[in-house]
Amino acid sequence: MTAVEDRLRAALHARADQVTALRPPSPPSTRARMAVHPGLRKAAVVVLAAVLAVVLLVLPQLLSRGEPSVPANTPAPAGPSNSPSPSPAASPPDGTPGPVAP
């Protein structure tokens, strides 16, 4: 081995002797987890539930605001005919020829 490798190996052995425990840290106690006051936590849950209920009730009305509602029994409005062929014009009653269709 080279001198650099020998020095690295010696440094790693010296550093390895400093490690005493390889356990993960213990989980926090229940007091640390319950740092938020229980009454405050319950109030926050109630407020969030109320906000969610209001959003679910109001959102459909806001989304349908721009569309007018049409009753189901109302017939569709009769509009102009959009047929591609022009309708023939009736000839005048005096016998003169009518306009010529293109």
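Data block above holds the structure.
Model, not experiment: these values are computed from the prediction.

Our focus in this paragraph is the overall build of the protein chain. The helix and strand inventory of the protein chain stands at three helices and zero strands. Listing each helix as α and each strand as β along the protein chain from the N terminus yields α-α-α. Looking at the protein chain residue by residue over its 102 residues, the buried ones come to 0%. For the protein chain, the exposed area adds up to about 10200 Å²; of that, 66% sits on carbon and sulfur atoms.

On to helix H3 (residues 38-63), then. Compared with an ideal rise of 1.5 Å per residue, which puts 26 residues at 38 Å, H3 spans 37 Å between its outermost C-alpha atoms and is within 8% of the ideal. Where H3 bends most, the angle comes to about 25 degrees, and this point is Leu57, followed within four residues by the proline Pro60.

Now for a nonpolar patch on the surface. A contiguous nonpolar patch, built from Val47, Val51, Val55, Leu59 and Leu63 and spanning about 450 Å² of accessible area, is present on the exposed surface. Assignment of secondary structure puts Val51 in helix H3. Among the residues examined, Val51 registers a relative accessible area of 47% and is labelled partly exposed.

What counts, and at which threshold
Residues numbered from 1 in each chain as written. Predicted model: local features only at pLDDT ≥ 70, side-chain atom pairs only at ≥ 80, totals over all residues. Heavy atoms only, no water. Helix = DSSP H or I, 4+ residues; strand = E, 2+ residues; numbered from the N terminus. Buried < 20%, exposed > 50% of the residue type's maximum accessible area, 1.4 Å probe, protein only. Areas by Shrake-Rupley, 256 points an atom, 1.4 Å probe, with all protein chains shown as cover. Expected span 1.5 Å × (residues − 1). Bend = angle between axes of the 7 residues up to and from the residue. Patch = residues over 30% accessible without salt bridge, like charges linked within 9 Å, V, L, I, M, F, W, Y side chains within 5 Å. Salt bridge = Lys/Arg side-chain N within 4 Å of Asp/Glu carboxyl O.

On their own, these measurements won't tell you what the molecule is for.
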